[in-house]
Amino acid sequence: MKILVCISNVPDTTTKIAFTSDNKALNTAGVQFVINPYDEYALTRALELKEANAGTLTVLHVGEADAEPTIRKALAIGADDAIRINAKPTDGFFVAQQIAHHAKSADYDLILMGKESVDYNGFQVHGMVAELLGITAITPAIKLEVTGHAANLEREIEGGKEVITAELPLIVSCQQPMCEPRIPNMRGIMTARTKPLQILEPVSADVKTQYESFSLPEKKVGVKMIDAANAEELIRLLRNEAKVI
Amino acid sequence: MSVLVLLEGADGHVKKSSFETAYYGSQVAAQLGTTAIGLVIGEINPADLPVMGRYGLKKVFYNNDSQLKDFVPGAYVSVTAKAAELTGATVIILPNSNTAAAIGSRLAVRLNASLASNVIALPEVTDTTFKVKQTVFSGKAFADVLLTNDRKIIAVKKNAVEVVEQEGAAEVEALMVDLENTDLIGKPKETIKATGKLPVAEADIVVSGGRGLRGPENWHLLENLADALGAATACSKPVADAGWRPHHEHVGQTGITISPNLYIAAGISGAIQHLAGVNSSKVIVVINKDPEAPFFKAADYGIVGDLFDVLPKLTEAAKALSQ
Ligand SMILES: Cc1cc2nc3c(=O)[nH]c(=O)nc-3n(C[C@H](O)[C@H](O)[C@H](O)COP(=O)(O)OP(=O)(O)OC[C@H]3O[C@@H](n4cnc5c(N)ncnc54)[C@H](O)[C@@H]3O)c2cc1C
């Protein structure tokens, strides 16, 4: 089984987001970048499937050289080799075109990725790659099992889930509780240094959105405290003051 | 030219959340000087469809192909693309749901459209530009994004517009599409859904619990309050991870991000990842025994106290209100 896992490089989830003074870009000073948390589910599930089915696992990242520690981490967790497509990931469609261009000639049985990245939250690359390659995407999946050429999946929907079977090749976007994400061990970190990381140049691709500026939510003006002994007062305030019930 | 709005159904009816999507579409149509047209796929009570006129739709296309009772990704994309072609839609409005995301991303490629998700307000439209505001960094920030293609697809979050109902009925027209076999790949064998429960993302009021509840056996305390307020229940990540609650109730940076009118958090500390998912709620109430809990900084109303005492009191007061 030949598996591709697409990863993105995002600010650690504890990051307090701030922007550059012109509000045109993320202020990356002091920000630690990590593998997108949703992609960790894709990566770990891919490893489990590779181990169970004797396969290969390639990770792919569309981005610039500063993402290499994140790619090495994916290799340390257990991917066999990595590809970096050397381009600024300007929008979801640009990234999807790069992934699809690579995957078209590589015959993957499974392409896994996180359901969305926690930076721009597009929730769209999987579907775009599916359409570009003419194969099916199941998104977002909370369970993925593969026997031979058949996959059994569960897809999360609002308030429940769907049970799906489909034939490979498939694109699956992943989220918890698909598996327990793994962390690299010492041996993994050592071997990751020598695993192949191939750098490819991007294909020319359309960009259809343009981030003009960023802003932060307004701070709350201050919390109104209600005495616990008089908790009923809250309900009255929610009705008469906030007018939300 | 027109604005096409994809309406979602549940249990045989157009979902209430789709009224808002429809109204949003009608407002975009007004900005563009054109009309808004709805599309419903699946088995929906036909009586629901003309009613969509109240939310500004002039017409609703209806596809009740029996194969499409459940969501089938390829087929839904094909039907929506067909409706877009028939109506000459330049803007397509979707809800911000898991299902709509699976449609929107493929449709954007098929129709060569710009796609924006998590949109929280009406677009700013000029003769030459079309700009939307969306949440980014999982709710920690906003971005103004220009959609530069002639065609645009916008996935709209809850509370992006305030609905004003109007007079009028929508015309209804059947829209059947010949599907390819490949369109039917990925059709669910089974759909498992808590019936009669409002999904968290669609609820006006959400009552949410964290580790402070100590175990699933105490969840009735939250559920009772939720029932009294007509609210949905949600939870923090460790609660879902521990299996106390189903995963689809987990809100936060790695769960769902929500924007209800009222979010009540009990026994949740307010970690940055949790706040990201809920801080666009209009009003936030925090109940925590620890006065230093970070959540109070993001709250509008707070109670320092033991949730085991406070929740039943609130439930009683809420019940008294509805009597
Ligand atoms: C990559 C990553 C992603 C994450 N994503 C998310 C996410 O999407 N959503 C999310 O929620 N978390 C997320 N987290 C976890 C997050 O960091 C916190 O650990 C989590 O939100 C804490 O959950 P909690 O508030 O329920 O529990 P705790 O932090 O343990 O807080 C429990 C609270 O209950 C209060 N309490 C206890 N007993 C009582 C009582 N009797 N009465 C009143 N109050 C009481 C305590 O004072 C405390 O404040 C993520 C973490 C990581 C690393």
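The rules behind each value
- Residues numbered from 1 in each chain as written.
- Chains lettered and ligands numbered in written order.
- Predicted model: local features only at pLDDT ≥ 70, side-chain atom pairs only at ≥ 80, totals over all residues.
- Heavy atoms only, no water.
- Domains from an automatic or database assignment.
- Contact = heavy atoms within 4.5 Å.
- Buried area = accessible area lost by both parts, 1.4 Å probe.
- Near = heavy atom within 4 Å.
- Areas by Shrake-Rupley, 256 points an atom, 1.4 Å probe, with all protein chains shown as cover.
- Helix = DSSP H or I, 4+ residues; strand = E, 2+ residues; numbered from the N terminus.
- Nonpolar A, V, L, I, M, F, W, Y, C, P; charged D, E, K, R; others polar.
- Salt bridge = Lys/Arg side-chain N within 4 Å of Asp/Glu carboxyl O.
- 1 Å grid on protein atoms, 1.4 Å probe; cavity = no way out; pocket = protein on both sides within 12 Å on 5 of 7 lines; lining within 4 Å.
- Points joined across faces, edges and corners; volume = space filled by probe spheres on them.
- Disulfide = S-S within 2.5 Å.
- Buried < 20%, exposed > 50% of the residue type's maximum accessible area, 1.4 Å probe, protein only.
- Core = buried A, V, L, I, M, F, W, Y, C linked by side-chain atoms within 4.5 Å.
- Pairing = 2+ DSSP bridges.
- Axes fitted to C-alpha atoms, helices over the stretch in contact; angles between N-to-C directions.

1. Concerning the domain arrangement of chain B
All names here are of chain B.
Step number 1: Domain boundaries assigned for chain B yield domain 1 (2-184) and domain 2 (200-322).
Step number 2: Here the C-alpha centre of domain 2 lies 31 Å away from the C-alpha centre of domain 1.
Step number 3: At the interface, eleven residues of domain 1 touch 14 residues of domain 2.
Step number 4: Both faces considered, domain 1 and domain 2 share a buried interface measuring about 1,100 Å² in area, 38% of it formed by carbon and sulfur atoms.

2. Examining the site of the ligand
Step number 1: Around the ligand, a shell composed of 27 residues is seen, among which Ser236(B), Thr254(B), Ser269(B), His274(B) and Asn288(B) lie nearest.
Step number 2: Surrounding the ligand are residues belonging to chains A and B, so the site spans chains.
Step number 3: Relative to its free-state accessible area of 980 Å², the ligand is covered by the protein chains to the extent of 78%.
Step number 4: Elements represented by at least two residues in the shell around the ligand include exactly helix 5 (237-241), helix 6 (272-278) and helix 7 (307-322) of chain B.
Step number 5: Its residues assigned to classes, the shell around the ligand comprises six nonpolar, 15 polar and six charged.

3. Things to note about the interface of chain A and chain B
Step number 1: On the chain B side, the residues contacting the 74 residues of chain A number 82 residues.
Step number 2: Of all residues in chain A, Glu158(A), Lys208(A) and Lys220(A) bury the most surface against chain B, accounting for 12% of the area lost on that side.
Step number 3: In this structure, the connection of chain A to chain B is made through four salt bridges.
Step number 4: Of the charged contacts in the structure, one is a salt bridge between Asp300(B) and Lys220(A), with a shortest N-O distance of 2.8 Å.
Step number 5: When contributions to the side of chain A that touches chain B are tallied by element, the ones reaching two or more residues are helix 1 (37-53), helix 4 (125-133), strand 7 (136-147), strand 8 (150-157), strand 9 (160-167), strand 12 (209-215), strand 13 (224-226) and helix 6 (232-240) of chain A.
Step number 6: Among the elements that make up the side of chain A that touches chain B, the one with the highest residue count is strand 12 of chain A (seven residues).

4. Concerning empty space enclosed by the protein
Step number 1: Under the definition given, this model contains three cavities of 30 Å³ or more.
Step number 2: Computed from the structure, the largest cavity encloses a volume of approximately 40 Å³.
Step number 3: Together, Tyr38(A), Lys115(A), Glu156(A), Gln175(A), Gln176(A), His247(B), His248(B), His250(B), Thr254(B), Gly255(B) and Ile256(B) line the largest cavity.

5. Some points on the state of the cysteines
Note: disulfide means a covalent bond formed between the sulfur atoms of two cysteine side chains.
Step number 1: One pass over the full model with this rule turns up zero disulfides over all chains.
Step number 2: Cys179(A) forms no disulfide, and the closest cysteine sulfur to it belongs to Cys174(A), at a distance of 7.4 Å.
Step number 3: The thiol sulfur of Cys235(B) is not disulfide-bonded, and the nearest other cysteine sulfur, from Cys179(A), lies at 19 Å.
Step number 4: A residue is classified by how much of its surface remains accessible, and Cys235(B), at 0% relative accessible area, is buried.

6. Some points on the pattern of salt bridges
Two side chains of opposite charge can pair, provided their charged atoms sit close to one another.
All names here are of chain A.
Step number 1: Summed over the entire model, instances satisfying the criterion amount to 26 salt bridges over all chains.
Step number 2: Across the pair Arg45 and Glu48 runs a salt bridge whose closest N-O atoms are separated by 2.6 Å. Here Glu48 and Arg45 lie together in helix 1, a separation of three residues that amounts to about one turn.
Step number 3: Judged by its relative accessible area of 25%, Glu48 falls in the partly exposed class.
Step number 4: Notably, a salt bridge pairs Glu51 with Arg182, separated by 3.0 Å at the nearest N-O pair. On the criterion of sequence distance, the pair formed by Glu51 in helix 1 and Arg182 in the loop between strand 10 (170-174) and helix 5 (186-192) is long-range, its members being 131 residues apart.

7. Re the nonpolar core
Note on soluble globular proteins: their nonpolar side chains tend to be buried together.
Step number 1: Residues Ile99(A), Leu39(B) and Ile92(B) are the most contacted members of the largest nonpolar core, which totals 56 residues.
Step number 2: In this structure, Val14(B), Val156(B), Ala160(B) and Ala170(B) belong to the second largest nonpolar core, which totals 39 residues.

8. Some thoughts on the pairing of strand 1 (residues 2-6) of chain A
Residues and elements named next belong to chain A.
Step number 1: Of all the five residues making up strand 1, four are buried; the element is thus mostly covered by neighbouring parts of the structure.
Step number 2: Note that strand 1 and strand 4 (residues 56-62) share five bridges and pair parallel. Across the sheet, Leu4 pairs through a bridge with Thr58, a residue of strand 4.
Step number 3: Here strand 1 runs beside strand 6 (residues 110-114); their pairing, made up of four bridges, is parallel. Across the sheet, Cys6 pairs through a bridge with Met113, a residue of strand 6.

9. Thoughts on the sheet that holds strand 15 (residues 232-235) of chain B
Step number 1: Across the sheet, which stays open at both edges, the six strands sit in the order 13(A)-18(B)-17(B)-16(B)-14(B)-15(B) with parallel pairing between neighbours. Each edge of the sheet is formed by a strand with only one pairing partner; in this case those strands are strand 13 of chain A together with strand 15 of chain B. Across the sheet, the mean angle from the axis of one strand to that of its neighbour is 20°, orientation sign disregarded.
Step number 2: Sheet analysis places strand 13 of chain A next to strand 18 (residues 301-304) of chain B, joined by three bridges and oriented parallel. Among the inter-strand pairings, Ile226(A) is bridged to a residue of strand 18 of chain B, identified as Ile303(B).
Step number 3: Sitting on the sheet, helix 7 of chain B is in contact with strand 16 (262-266), strand 17 (283-288) and strand 18 of chain B, with an inclination near 135° to strand 17 of chain B.

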